[in-house]
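One letter stands for each residue in the lines below.
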Amino acid sequence: MWATTFEKEKKIWKGNDLPTCERNLSIATVLLKSLNSESKKIAQINATTGYSLTFDEIRIRTNRAARNLQKRGIGLATEEIFGIVARSHDHLAPVIFASFSLGCTIYTIDSLFKKFEFVQKFQKIKPNVIFCDINAYDTVVAALAELNHQAKIFTFDGERGGSVNVDHLFEKVDDDADIIPVSVDAVNHLAAIVCSSGTTGPAKGICMSHSMLINAATFTYGWEPQSKRIWLNTYSIYWFRSLLSLIAGTIHCATRVIITEKFTPQRILEIIEIFHVSRLSASPYMLKELIHCDAIKTANLSSVENIFLGAYKLPYEIGKMMDDLLPNGSVNNRYGLTELGGTVAIEVPKFSKGSVGKLKSGNVAKIVDENGKKLGVNERGEICIKSMSMLSGYYQEEALTKESFDEEGFFFTGDIGYFDDECDLFIVDRKKETFEYNSYVISPSEVEGVLLQSPQIAEVCVFSVFNQRGEEVPTAAVVRAANSDITADEIVQLIADYFYDRNKLAGGIYFVDSIPKTPSGKNLRRKMKEIFLDQIATHHRTSTSISSTTEG
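Residues numbered from 1 in each chain as written. Predicted model: local features only at pLDDT ≥ 70, side-chain atom pairs only at ≥ 80, totals over all residues. Heavy atoms only, no water.

1. Description of the side chain of Ser 163
Spelled out, the test is: The helix and strand labels rest on DSSP assignments: H or I over at least four residues marks a helix, E over at least two residues marks a strand, and numbering proceeds from the N terminus. Any pair of nitrogen or oxygen atoms within 3.5 Å is treated as a polar contact; in protein, a donor-acceptor pairing is required on top of that, and neighbouring residues in sequence qualify only through side-chain atoms on both sides. Should any heavy atoms of two residues lie within 4.5 Å, those residues are considered in contact.
Relative to the helices and strands, Ser 163 is located in the loop between strand S8 (152-156) and strand S9 (164-165). At 2.8 Å, the side chain of Ser 163 and the side chain of Thr 155 are in polar contact. Polar contacts involving the side chain of Ser 163 include one to the main-chain amide nitrogen of Arg 160, which spans 2.8 Å. For Ser 163, the contacting residues outside a window of four places in its chain are Tyr 137, Ile 153, Thr 155 and Gly 158.

This is how it looks when you write it as structure tokens:
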């Protein structure tokens, strides 16, 4: 699966070929086939409660949910959008599989968001039906009211207000036979919309077709024949990696372990031992937490075959430390984008030199300079990818979709990297202004937009710095308005009022006289960052005020 060849004349790198997906094949058809093939096997275990479901139990719930939704007049039109406002839940799988069976589009959103964020997510992409964690119900309803939009709401773990308990969808129906999934055009029919925050602002919707999901899930992660296939995923369904884990785990007949509790490194190590986890999906941040946890000194990690990493660039030293702790497995450094169906390249079978390894099957890559000229071996430039598991576009963003691809159909990743002599891909830097903190993509302009709503703030520039643990964290330089005495604590509260703690300014808040800008008035983030680092070094971090100059 993992091999890359370099075509010197064309200056492109290619992974192995993939078979063409059938044009009318629904992802639901593939999932139902897998659910039938391993009917008695445990498909899912909730490590928090111990509750488990077999493949057959998920299949039955999928069929009942689809038919009961139809009885309620829901899912009769394939253009319907089903909002999934949930983290991990025992009955999330059959709800999602039923949605696919009806030919509807799922739209995944984090249930921890606040009203401001829900309004952003629902403003352009308006779901007809919402499946919601009960704790998020009031906030979701308030956001819908602000937009004057109505949606039928089903809640997990009970009912509130006008919601309906999801459990009612699993009530017995006249026919428990497999539902025949709605016929779709697999290449063009929208199966899922996944949120992405980028340089163009919040609430971008990445459009995923049925064939994209099939290719991404079927050919992403191989399993050894002797593997017990126990897969631990700690992410909420908001993240594509979690949706991919659900779909790929089902297709490959793996037992998925989910948790419905707060992540701690000690607990993760306990779960690995108790359930003999063979595969763990993790971020470099989680890996660092595990390595520095005292419990790892006595933890039994003998069952672990692979730890697949994503989210942001892994420091080589961290990966090597963890790799040395796995007696029968390895850390696999990975590079991917949601727009490209998750994984683009991965270093297998063994973590060694800190590259992200070989291209996944179905991927073609080129490296280009600032003028779009193709570069060769060991030459650094922007990574551009053409993939069989590539997005069909951004939801209702025709201009953005068009500018995201070049004339040859390659997607601009915004990442800087190169291929070495062995056709291994290395990631060097990011071209985009966004960055990741605690596995969340931070859009500086989005945070600035919130802070600038305060009359006490004249200007603000959000950028990233590295903390003592080597994590990229958000930092703000703030210019107070005339006669304002706003404090850092008050700014922290402003952020807390609008965002879940993903956007907290962990790198600090610094008051400045002015912010460097382009002639057109855009923030020069790199320049601001340079000024910040220079003056912080000069003052040895003894002052909370720094000064800067304005360009242009």
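2. Quick word on the sheet that holds strand S2 (residues 12-14)
As a reminder, the rule being used: Two strands pair under a simple rule: DSSP has to find at least two bridges between them. Lines are fitted to the C-alpha atoms to define the axes, a helix being fitted only along its stretch in contact, and any angle between axes, read from their N-to-C directions, falls within 0 to 180 degrees.
Pairing is antiparallel across the open sheet formed by six strands, whose spatial order is S1-S2-S20-S21-S23-S24. With one partner strand each, in any of the chains shown, strand S1 (5-7) and strand S24 (425-430) form the two edges of the open sheet. Between one strand axis and the next, the sheet turns by 40° as a mean value, whatever way the strands run. For strand S20 (residues 363-368) and strand S21 (residues 381-387), the ladder comprises six bridges, and the chain directions are antiparallel. Its bridge partner being in S21, Ala 365 is matched across the sheet by Ile 385.

3. Re the packing of helix H2 (residues 55-71) against helix H3 (residues 92-101)
To keep things clear, this is the line we draw: Just so you know how the angles are binned, under 35 degrees is roughly parallel, over 145 roughly antiparallel, 65 to 115 roughly perpendicular, and the rest oblique. For a crossing to be left-handed, the near helix must be turned anticlockwise from the far one by less than a right angle; the clockwise case is right-handed. Three categories are distinguished: nonpolar for Ala, Val, Leu, Ile, Met, Phe, Trp, Tyr, Cys and Pro, charged for Asp, Glu, Lys and Arg, and polar for the others, with Gly belonging to the last.
Contact geometry of H2 with H3 gives a least axis separation of 8 Å together with a crossing angle of 55°. One way to sum up the angle between H2 and H3 is to call them oblique. Crossing handedness for the pair H2 and H3: right-handed. Contacts from Ile 58, Arg 61, Thr 62, Ala 65 and Ala 66 of H2 reach H3 at Ala 93, Pro 94, Phe 97, Ala 98 and Ser 101. Its residues placed into classes, the contact of H2 with H3 shows seven nonpolar, two polar and one charged.

4. Points about the nonpolar core
Considering soluble globular proteins, one finds that nonpolar side chains tend to be buried as a cluster. The test is simple: Residues enter a nonpolar core if they are buried and are Ala, Val, Leu, Ile, Met, Phe, Trp, Tyr or Cys, with the set joined through side-chain atoms within 4.5 Å. Throughout, exposure labels follow a simple rule: accessible area from a 1.4 Å probe, protein chains only, divided by the maximum for the residue type, with under 20% read as buried, over 50% as exposed, and the rest as partly exposed.
Grouped together as the largest cluster of nonpolar side chains are 82 residues, with contacts concentrated most on Ile 96, Phe 100 and Phe 131. Apart from residues lying up to four places away in sequence, Phe 100 is in contact with Ser 26, Ile 27, Ala 28, Leu 31, Ile 106, Ala 191, His 210, Leu 213 and Ile 247. Core analysis: the second largest hydrophobic core is formed by 58 residues, Cys 132, Val 140, Phe 463 and Val 465 among them.

5. As for the pairing of S24
Within a regular strand, side chains alternate between the sheet's two faces. Where strand S23 (residues 411-419) meets S24, five bridges bridge the pair, whose relative direction is antiparallel. Opposite Tyr 418, over in S24, you have Phe 426 as the bridge partner. Hairpin remark: S23 followed by S24, antiparallel, with five residues in the connecting loop; positive phi at Cys 423, about 65°.

6. Focus: the pattern of salt bridges
Which entries qualify depends on this criterion: Salt bridges are defined by distance alone: a side-chain nitrogen of Lys or Arg within 4 Å of a carboxyl oxygen of Asp or Glu.
Here the structure, examined in full by the defined rule, presents 18 salt bridges. Across the pair Lys 10 and Glu 7 runs a salt bridge, and its minimum N-O distance is 3.8 Å. Salt bridges sharing common partners tie together Lys 366, Lys 374, Asp 406 and Glu 408.

7. Describing the packing of aromatic side chains
The description of an aromatic ring pair uses the distance of the two centres, along with the angle that the planes make with each other. Selection rule: Between the rings of Phe, Tyr and Trp (Trp by its six-membered ring), a pair exists once the centres lie within 6.5 Å; its type follows the angle of the planes, with under 30 degrees stacked, over 60 edge-to-face, and the other angles tilted. Sitting over a ring, as applied to charges here, requires NZ of Lys or CZ of Arg to be within 6 Å of the ring centre and within 35 degrees of the ring normal.
Counted according to the given criterion, the structure contains 14 aromatic pairs. Aromatic side chains Trp 13 and Phe 419 sit 4.3 Å apart centroid to centroid with 10° between the ring planes, which places their arrangement in the stacked category. With a gap of 406 residues between them, Trp 13 in strand S2 and Phe 419 in strand S23 connect regions that are remote in the sequence. Residue classification places Phe 419 among the buried positions, given a relative accessible area of 0%. On the basis of an interplanar angle of 70° and a centroid distance of 5.5 Å, the ring pair of Phe 405 and Phe 411 is categorised as edge-to-face. An aromatic cluster is present here, built from Phe 113, Phe 118, Phe 122, Tyr 238 and Trp 239 joined pairwise through their rings. Above the plane of the ring of Tyr 235 lies Arg 241, whose end atom (NZ or CZ) is 4.5 Å from the centre. The ring of Trp 231 carries Arg 279 above its face, with NZ or CZ at 5.6 Å from the centroid.

8. Concerning helix H12 (residues 444-451)
With six of its eight residues buried, H12 lies for the most part within the structure. Listed as buried for H12 are Pro 444, Glu 446, Val 447, Glu 448, Val 450 and Leu 451.

9. Remarks on the environment of Leu 309
Structurally, Leu 309 is set in strand S15 (residues 306-309). A relative accessible area of 2% means that Leu 309 is categorised as buried. For the pair Leu 309 and Arg 334, spaced 25 residues apart in sequence, the C-alpha to C-alpha distance is 5.5 Å.

10. Section: the pairing of strand S28 (residues 472-480)
When you tally the buried positions in S28, you get eight out of nine residues, the bulk of the element. Pairing geometry for strand S27 (residues 457-466) and S28, over nine bridges, is antiparallel. Paired with Val 460 across the two strands is Val 478, which belongs to S28. Once S27 ends, the chain turns through five residues before running back antiparallel as S28, passing Gly 470 with a positive phi of about 80°. When S28 meets strand S29 (residues 509-511), the two strands line up parallel, connected through three bridges. Following the sheet pairing, Ala 477 is matched in S29 by Tyr 510.

11. Quick notes on unusual backbone geometry
Located in the positive-phi region is Cys 253, a residue other than glycine, with phi close to 55°. Of note, Cys 253 is situated in the loop between helix H7 (240-251) and strand S13 (255-258). Cys 253 sits in the buried class, given a relative accessible area of 11%. Phi angles above zero are rare outside glycine, and His 276 is one such case at about 55°. Tracing the chain through its elements places His 276 in the loop between helix H8 (265-275) and strand S14 (279-282).

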